[in-house]
Amino acid sequence: MRPWIVWWCLLLSLGAQASVAEPACQQATEIRQAERTVLRAGQVLNQSTVAPEDSLALAWRRQGTQIRYRMQLDACPAGADWGLWVFRMGGPYRAWIDGKPVQPIDPVTLVGSQVYNGRIPALFQLPQGARELVIEIVDLVYMGSGLIRVSVGPQVAMLESRALSQLVITDFNSFSSTMIGMAGLLAMLVWFYRRQDRAALWFAVACLAWVVRGVTYQFFAYPFAPLVVEQLNPWLVLLTSCSLAASWLHGFQGTTVRRLRTIAALCLAISLAFVVTLVLEQGAQLVRALAFASGFAVLFAVLVFLLQRWRQGSLSPGLLALGLGALLAGSVHDMGMVIGYASPANWAFLNVGFTLLLLSHVVVVSIFQVKQLNRAEHTNAELERNIQAKALELEQSYAMLRASERASARAQERAWLNREIHDGVGAQLITALRGVERGTLSKERVAQTLQEGLDELRLLMDAGDLGQSLHRALATWRNRWDSRLEAIGLNLRWEVGHDLEQLELGSNATLQVMRVLQEAVTNTVKHAEAQHITVRAWLEGSPHRALVLEVRDDGRGLVAVRPASGGRGLRHMVQRAETLGGTLSVDNAASGGVRVLLSLPLSGSTCEASNTTPLMP
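Summarised in this report is the structure supplied together with it. (Residues numbered from 1 in each chain as written. Predicted model: local features only at pLDDT ≥ 70, side-chain atom pairs only at ≥ 80, totals over all residues. Heavy atoms only, no water.)

Here's the deal with unusual backbone geometry
Right, so step 1: In this structure, Pro107 follows Asp106 across a cis peptide bond, with omega equal to 0°.
Right, so step 2: Among the structural elements, Pro107 can be located in the loop between strand 8 (103-106) and strand 9 (122-125).
Right, so step 3: Its identity as a non-glycine residue notwithstanding, Asp98 has a phi of 55°, on the positive side.
Right, so step 4: Tracing the sequence through the fold places Asp98 in the loop between strand 6 (93-97) and strand 7 (100-101).
Right, so step 5: With relative accessibility at 40%, the residue Asp98 sits in the partly exposed group.
Right, so step 6: A positive phi angle, close to 55°, is found at Glu529, a residue other than glycine.
Right, so step 7: Relative to the elements of secondary structure, Glu529 occurs in the loop between helix 11 (507-528) and strand 13 (532-540). (Helix = DSSP H or I, 4+ residues; strand = E, 2+ residues; numbered from the N terminus. Buried < 20%, exposed > 50% of the residue type's maximum accessible area, 1.4 Å probe, protein only.)

As structure tokens, this is what we get:
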């Protein structure tokens, strides 16, 4: 074969290799091989060449074991914009490139001998010309594999993978932790106002414990010893499980002293075990496994309890059982990533399961609130019906009471009227009858006695009209006496104020006022030899506090002693005034004649004057 043909074929093959290699170097390349060294206390336990998702022996997962991976980066020349993409490692790790600590780009943290969280995807700066990468898991491997996925290449080529991992792992965890924290604070607020609601209290504790777990889970660079942070994770999972169990047992009347003591004892015992492992620096992996298994067992027992309640016909336990089932399914998947039956490169679903559990809890609370609102509306409607029924009964009772009061008032009025007729008119008629029988009374005296008895009877009839005002009683008396006075040549002047129209007095008070008026006019007719008589009545004071009645004539005046020691008629008038709480004065008027003045204070006792003390007319 000719030499030029050989050179031509060689150039074509080199060009083809260059055209293939150059596009490959423009893409992110996953590291497929690493040299693994397992050490404990400076002693090499194993040294081998492994691929990603390597299997780690159980004995290598104990405290004090370091697992170092050495990887060559000479496939493509590193450029200025190249990066190292560590998707996940099986435990807390440090990383060096050519013997120098890596420089984080995303998430941002300080450069140095930092211990990074193997769960958080991270992008590091890959220096130009980098040849060797060393990643060392420093303490407590928490997965079945140490090296899971590491890639190198241009940062732009890793953008899509980084964005998806950031969304699914970091952003979703942050969002769910925020929502769970808000739900926990709301539950704590409910418990603050309803201290007897233990279900709300324990649900708040569960949510807040899960939030703390989410915060520590998201640490990229450990702020303190990685072992402490890693032991917090299973302890908080256990605390969340026990708190959820207590919440649902309280919420669905499944609480017993034995159950609560068992849960509390389990949580306390494992918490003490965590403290012991931190102090002795031994047994951390065993206690982690025990905490996860105990939390799973507690939640599984609660799941059985909820299903039993659901079979009894309640919807809410069934919905919570669905959410709890999602949480347990997520824990089974994530436990498979730890044990080895699920790929450690998968996304973790435990946080997704808890979010679904929270969603089911929100649905249950919403259903409960709707039922409470419906029950409140039904209760309000029933309460309104009861109020209407009671109001009707009360109105009927009031009507019966008013009817009874009216009947009692009529009975009292009849009794009072009977007494007044017996003591007043009856006495006058008996006196007249005895005088006629004995012949001691003249015809004129008999006629006068009968007229006085008739006048007294009319006064009783006027005063006995319940609800009649004093103004009407005065008008009736005037209509009756005006013609009689005119017949004997006595002119009546009538001055009664209109403000008396609304005045209501008791029957006895009205009768006594009318008796005072009639007695004063009768005295004028009998003794005064007057030509004119004036009757005035008005209310004085502000507001009206007293009734004033004045009877004045232009006769010959008083020729005897004061009323208090005078005739029987004057004494009766004074007694009537005093009985009603008023005063009565009889004096000679300045212009001549006699002036009778009755002043009666208006009070409740006056307006409702008793009818039990009749006075002789």
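Re the sheet that holds strand 16 (residues 594-601)
Right, so step 1: Taking strand neighbours across the sheet as the criterion, the 5 strands line up as 12-13-14-16-15 in an open arrangement whose pairing is mixed. Each end of this open sheet is capped by a strand with a single partner; those strands are strand 12 (491-496) and strand 15 (583-588). Within this sheet the neighbouring strands show an average axis-to-axis angle of 10°, counted without direction.
Right, so step 2: Sheet topology note: the strand 12/strand 13 ladder contains 6 bridges and is parallel. Looking at the pairing, Val496 lines up with Ala537 of strand 13.
Right, so step 3: Contacts from helix 10 (residues 470-487) reach strand 12, strand 13 and strand 14 (546-553) within the one sheet, and its direction differs from that of strand 12 by about 170°.
Right, so step 4: Running at roughly 10° to strand 14, helix 11 makes contact with strand 13, strand 14, strand 15 and strand 16 of the sheet. (Pairing = 2+ DSSP bridges. Axes fitted to C-alpha atoms, helices over the stretch in contact; angles between N-to-C directions. Contact = heavy atoms within 4.5 Å.)

Brief notes about helix 6 (residues 284-311)
Right, so step 1: Between its first and last C-alpha, helix 6 extends 41 Å over 28 residues, near the 40 Å set by a 1.5 Å rise per residue.
Right, so step 2: Packing partners of the buried residues in helix 6 comprise helix 4 (226-251), helix 5 (257-280) and helix 7 (315-339).
Right, so step 3: Looking one or two residues past helix 6, Gly313 carries a phi angle of roughly 110°, positive in sign. (Expected span 1.5 Å × (residues − 1).)

A short note on the environment of Asn46
Right, so step 1: Checked against the element boundaries, Asn46 lands in strand 3 (residues 43-50).
Right, so step 2: Between the C-alpha atoms of Asn46 and Trp60, which are 14 residues apart in sequence, the distance is 9.5 Å.
Right, so step 3: Ignoring anything within four residues of it in the chain, the contact list for Asn46 reads Arg36, Thr37, Val38 and Trp60.
Right, so step 4: Here Ser48 takes part through its side chain, which lies 3.2 Å from a polar atom of the side chain of Asn46. (Polar contact = N/O pair within 3.5 Å; in protein donor to acceptor, adjacent residues only side chain to side chain.)

Quick word on a nonpolar patch on the surface
Right, so step 1: Nonpolar side chains collect at one region of the surface, where Phe296, Phe300, Val304, Val332, Ile339 and Tyr341 lie side by side and expose about 560 Å² of accessible area between them.
Right, so step 2: Among the secondary structure elements, those contributing two or more residues to the nonpolar patch are helix 6 and helix 7. (Patch = residues over 30% accessible without salt bridge, like charges linked within 9 Å, V, L, I, M, F, W, Y side chains within 5 Å. Areas by Shrake-Rupley, 256 points an atom, 1.4 Å probe, with all protein chains shown as cover. Salt bridge = Lys/Arg side-chain N within 4 Å of Asp/Glu carboxyl O.)

Remarks on a positive patch on the surface
Right, so step 1: On the surface, a cluster of positive charge is contributed by Arg402, Arg406, Arg410 and Arg414.
Right, so step 2: One can find Arg406 in helix 8 (residues 350-438).
Right, so step 3: Residue classification places Arg406 among the partly exposed residues on the basis of a relative accessible area of 46%. (Lys, Arg positive; Asp, Glu negative; His and termini not counted. Charge placed at Lys NZ, Arg CZ, Asp CG, Glu CD.)

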